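# Observations on chain architecture
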2 protein chains.
Amino acid sequence: MAEEKEINYTEAENCPVRNILDRFGDKWSTLVILILGEQETLRFNELQKKIGTISQKMLTVTLKKLEADGLISRKVYAQIPPKVEYKLTNLGLSLLPKLHSLVQWANENMEEITQNRSVV
Amino acid sequence: MAEEKEINYTEAENCPVRNILDRFGDKWSTLVILILGEQETLRFNELQKKIGTISQKMLTVTLKKLEADGLISRKVYAQIPPKVEYKLTNLGLSLLPKLHSLVQWANENMEEITQNRSVV
DNA sequence: CGGCATCCGGAATGATACTG
DNA sequence: CAGTATCATTCCGGATGCCG
């Protein structure tokens, strides 16, 4: 693959960039992946506590989407009270370094961005 | 007690990750940066054509936000008809490789994700 | 404990018309 | 050409209540 500069972004369905962006453009997906990247497994409530401000509903929705995409796996223990563990799949793990790269950039440049904003 | 691995994601204002995510979590910002990364400069209409489906309003809003963050610069030519050129700033350029990394991942894994989804 | 179903307000996005 | 202004709509996400 030589020429990859000219990407056609106009067809959202066929454009991987837009497709992926549409998934992780939501408020929580990226955060969940990052947090799951720190531990091997996490339970529902542990995730919610770590994120802090997410509602039960949005955590459920986010986890379902990520599971449907094959980025995380869900393991249910047949016991009372219920216990459900979430972890990254290999696919999810493969995304992690790219997100870390983004996080690093965020850490390095957030202050500058914040200052830019306050000027305007 | 607190290890460097343990990032506190709960305080959205102080967390660079969430701060940056909140900015680029919108539908268009990342796309605009990627497209501007291909050319040195682009005019408003050129951007709109390349994206294809974005409304005039949303392009305006997106460009304004990115400009406020200092990621892109805006150059107005005093002429009729008007001509406005957009380009990435150094800050914007520094983000580009990270986004490319994400794009590459998207290209490599979109098919798998799509298949996962259709299974569900 | 780990969800799901429902309702609801506000924000995000879009469509259209108009302007310098 | 590059927007602004306004209105309409969609949809995100929070609150609440119920369930296995």
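Described below are features of the structure shown in this document. (Residues numbered from 1 in each chain as written. Chains lettered and ligands numbered in written order. Predicted model: local features only at pLDDT ≥ 70, side-chain atom pairs only at ≥ 80, totals over all residues. Heavy atoms only, no water.)

## Notes on the sheet that holds strand β1 (residues 42–43) of chain B
Residue and element names in this part refer to chain B. This is how the line gets drawn: One bridge is not enough; two strands pair if DSSP finds at least two bridges between them. Helix and strand labels come from DSSP, where a helix needs a run of H or I of at least four residues and a strand needs a run of E of at least two; each type is numbered from the N terminus.
Taken in spatial order, the three strands of this open sheet run β1-β3-β2, and their pairing is antiparallel. In this open sheet, the two edge strands, each paired with only one partner strand, are β1 and β2 (72–77). Note: β1 against strand β3 (residues 83–88), two bridges, orientation antiparallel. Residue Arg-43 lies in a different strand from β3, and its bridge partner there is Glu-85.

## Side note on the sheet that holds strand β2 (residues 72–77) of chain A
Whenever strands of a sheet pair, they do so through backbone hydrogen bonds, lying parallel or antiparallel. Strand order in the open sheet made by the three strands is β1-β3-β2 (chain A), with antiparallel pairing throughout. Both outer strands of the open sheet, β1 (42–43) and β2 of chain A, are each paired with one neighbouring strand and no more.

## What about the protein's contact with DNA strand D?
As a reminder, the rule being used: If even one non-hydrogen atom of a residue comes within 4 Å of a molecule or strand, that residue is called near it. Here a polar contact is taken to be a pair of N or O atoms separated by no more than 3.5 Å, where protein atoms must pair a possible hydrogen donor with a possible acceptor and residues adjacent in sequence count only if both atoms sit in side chains. For this scheme, ten residues count as nonpolar: Ala, Val, Leu, Ile, Met, Phe, Trp, Tyr, Cys and Pro. Four count as charged, namely Asp, Glu, Lys and Arg, and the remainder, Gly too, count as polar.
Near DNA strand D there are 19 residues, and of these A:Lys57, B:Arg43, B:Gln56, B:Arg74 and B:Tyr86 occur at the shortest range. For DNA strand D, the backbone makes up 56% of the atoms found within 4 Å of the protein, where backbone means sugar plus phosphate. For DNA strand D, a base nitrogen lies 2.8 Å from a polar atom in the side chain of B:Gln56. B:Tyr86 places a polar side-chain atom, nitrogen or oxygen, 2.5 Å from a phosphate oxygen of DNA strand D. Examining the composition of the surface near DNA strand D, we find that four residues originate from one element, helix α4 (residues 56–68) of chain B, more than from any other. Among the residues making up the surface near DNA strand D, the classes are represented as eight nonpolar, four polar and seven charged.

## A few points about the relation of the copies chain A and chain B
Quick note on the threshold: Least-squares superposition of the copies uses the C-alpha atoms of those residues scoring a pLDDT of at least 70 in each of them. Contact between two residues is taken to exist if any of their heavy atoms lie within 4.5 Å; hydrogens are not considered.
Mapping chain A onto chain B leaves a residual RMSD of 0.1 Å; the transformation is a rotation of 180° accompanied by 0.0 Å of translation along its axis. The superposition operator between the copies reduces to a two-fold rotation axis. Looking at the rotation axis and the C-alpha trace of chain A, the residue lying nearest is A:Gly25, at 2.1 Å. Most of the interface of chain A is mirrored in chain B: 96% of its interface residues are interface residues there too.

## Comments concerning the nonpolar core
Which entries qualify depends on this criterion: Remark: nonpolar core denotes a set of buried residues (Ala, Val, Leu, Ile, Met, Phe, Trp, Tyr, Cys) joined through side-chain atoms within 4.5 Å. Each residue is assigned to one of three classes by its accessible area relative to the maximum for its type, calculated with a 1.4 Å probe on protein chains only: buried under 20%, partly exposed between the two thresholds, exposed over 50%.
In terms of nonpolar packing, the biggest core is built from 72 residues, with A:Ile33 and B:Ile33 touching the most fellow members. The residues touching A:Ile33, leaving out its near neighbours within four places in the chain, are A:Phe24, A:Leu66, A:Leu71, A:Leu88, A:Leu95, A:Leu96 and A:Leu99.

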